[in-house]
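Single-letter residue listing:
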There are 2 protein chains.
Amino acid sequence: MRKNFDYHALLGEKNPLLQFPKLKEAAIDEFSRKSFAEASLNEILKTAGMSKGSLYHHFGDKFGLYLAMLDLIVEKKLSYFYPLLQDGLDTSDFFDLLQKTMKATMDFMVADPRMHHLSNRLLEESVEFRNRLLSFYTPDYFQTFAAYVRQAVESGQIDSRYPPEFVAQVVEIMLSSVHKLVRTGEPEELLETAAQVVDFIKYGISRR
Amino acid sequence: MRKNFDYHALLGEKNPLLQFPKLKEAAIDEFSRKSFAEASLNEILKTAGMSKGSLYHHFGDKFGLYLAMLDLIVEKKLSYFYPLLQDGLDTSDFFDLLQKTMKATMDFMVADPRMHHLSNRLLEESVEFRNRLLSFYTPDYFQTFAAYVRQAVESGQIDSRYPPEFVAQVVEIMLSSVHKLVRTGEPEELLETAAQVVDFIKYGISRR
DNA sequence: GATGGTTTAGACCGTCTGGTCTAATTGGAC
DNA sequence: GTCCAATTAGACCAGACGGTCTAAACCATC
């Protein structure tokens, strides 16, 4: 934790990473392959052709670089979901919402698998590390499916024999595992697989 | 890679780790919390109260220790599945097999969550590392569900609209995610959750 | 051109890493 | 007790790590 450095200045439009494209790429590359502790700052700097002085001047420390990078990724990921919310989405049709979310998640994953990997890798970091990152965002910034699931149970779309938390977990497991289900990444495959996954979540695999 | 050291001697009944219970515990602890590269050998040694000389004498290097530990874990995990195979299991009933596998996986996870974590963490290691480990086992040692799935598709238990590989992947995703679905770990909860998961995989979550 | 803040370069620091090596200790065979 | 191999202890090594710091370079303003 560096003194006299305001990490908040790294977020949003003034994110200094926007001015260092090579650093951004090098960071995403390294942090998607290794955990935060395992990733080598020296390696990132070498790849990006940046000096240590510059990095510490702009980002404070290793954590600052990670935070700045994550902010860009989060923004990128959200950009895949904004269209959904604008297109007059009917959030009362749970499975339609699920299918669109699944497709958006796959699009994001295919567009840059490194970012998808990085998101999943973050979930494996220590609680302290994740909490420290979360402290820079408002609590409801990352809303999960839990709310919609509860709604869908009440409206009778989801069978009430399952506890809502169970369903929410299952949905999140499938969303974070899309990379294991997509093969080529071609647009038509994504559409088909997204439909298939939702179909599976909806009706299961037994013969019908 | 250490010269003149036979890693194969670490496996099976003569696994030297069996003679160093504290080392075994320390290793499982560290390797379940950190990746192979991230884990600290010095920390393990300190915790186990063992000297560096001893470790390198018995295990060759860090990799040897990991291999020996993994061998014990694999054996432990298999011990949860042997009973299934012996009890005159009807492998033609896919969903019965699935439920028993699910329950065994949960039992294993609850008995020692560190081992379950470690198995999952291994899947995140580099391909080289995993291949190096796999080279010490016969190819069919870790059989997946793929064969049974294909069988179940042919016998009409699984809907043929899904590609068998898709179903196999989905099953493996759920099996590796049991820790996200089990809460207390009490025996009755495990039974219920195992049934619930299989029910979900079979029929989905839609109202019926 | 002079001034002064911003940015960059990279030598350097203490710490930790996995691994090596040698000397001391242990323990069974005779 | 003697011998010798197996085992243990831990000092030591080179290299990598994140981070600090100072001096140079840059650049806008006048």
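Residues numbered from 1 in each chain as written. Chains lettered and ligands numbered in written order. Predicted model: local features only at pLDDT ≥ 70, side-chain atom pairs only at ≥ 80, totals over all residues. Heavy atoms only, no water.

Please set out the relation of the copies chain A and chain B residue by residue, giving values where relevant.
For the pair chain A and chain B, the best superposition has an RMSD of 0.1 Å and corresponds to a rotation of 180° with a translation of 0.0 Å parallel to the axis. Seen this way, the second copy is the image of the first under a two-fold rotation axis. For chain A, the minimum C-alpha distance to the rotation axis belongs to A:G204 and amounts to 2.0 Å. An overlap of 97% is found between the interface residues of chain A and their copies at the interface of chain B, pointing to a shared contact surface. (Least-squares fit on C-alpha atoms with pLDDT ≥ 70 in both. Contact = heavy atoms within 4.5 Å.)

Quick one: what's the story with the protein's contact with DNA strand C, residue by residue and with numbers?
Residues in contact with DNA strand C amount to 15 residues; listed here are only the nearest, A:H58, B:A39, B:S40, B:K52 and B:Y56. Taking all atoms of DNA strand C within 4 Å of the protein, the share assigned to sugar and phosphate is 60%. Side-chain polar atom of A:S51 to a phosphate oxygen of DNA strand C: 3.2 Å apart, as the coordinates give it. For the surface near DNA strand C, the elements supplying multiple residues, two or more each, are α3 (52-59) of chain A together with α2 (41-48) and α3 (52-59) of chain B. Sort the elements by how many residues they give to the surface near DNA strand C and α3(A) lands first, with five residues. When the residues that make up the surface near DNA strand C are grouped by side-chain class, the tally is three nonpolar, seven polar and five charged. (Near = heavy atom within 4 Å. Polar contact = N/O pair within 3.5 Å; in protein donor to acceptor, adjacent residues only side chain to side chain. Helix = DSSP H or I, 4+ residues; strand = E, 2+ residues; numbered from the N terminus. Nonpolar A, V, L, I, M, F, W, Y, C, P; charged D, E, K, R; others polar.)

Before we move on, could you go through the packing of aromatic side chains and cite the residues and values that matter?
Per the counting criterion, the structure on display carries 32 aromatic pairs over all chains. On the numbers, 6.0 Å between centres and 65° between planes, the contact of A:F145 with A:Y148 is edge-to-face. Its relative accessible area of 8% is what places A:F145 among the buried residues. Both rings, one in B:Y66 and one in B:F129, keep their centres 5.2 Å apart while their planes meet at 70°; by these two values the pair is edge-to-face. Residue B:Y66 is located in helix α4 (residues 62-79), and its partner B:F129 is located in helix α8 (residues 127-134); the two are separated by 63 residues in the primary sequence. (Phe/Tyr/Trp six-rings, centres within 6.5 Å; stacked < 30°, edge-to-face > 60°. Buried < 20%, exposed > 50% of the residue type's maximum accessible area, 1.4 Å probe, protein only.)

Explain the domain arrangement of chain A to me, using residue names and the numbers behind them.
All names here are of chain A. The domain architecture assigned to chain A consists of domain 1 (1-76) and domain 2 (80-208). Here the C-alpha centroids of domain 1 and domain 2 sit 28 Å apart. Listed by partner, the interface residues are 23 residues for domain 1 and 18 residues for domain 2. Across the domain 1 to domain 2 interface the summed buried area is about 2,100 Å²; carbon plus sulfur atoms make up 66%. On the surface where domain 1 and domain 2 come into contact, there are two salt bridges. Note that D29 is salt-bridged to R114, the shortest N-O span being 2.7 Å. At the junction of domain 1 with domain 2, the criterion picks out six residue pairs in polar contact (both at pLDDT 80 or more). Considering every element that reaches the side of domain 1 that touches domain 2, the biggest residue donor is helix α4 (residues 62-79), with 10 residues. (Domains from an automatic or database assignment. Buried area = accessible area lost by both parts, 1.4 Å probe. Salt bridge = Lys/Arg side-chain N within 4 Å of Asp/Glu carboxyl O.)

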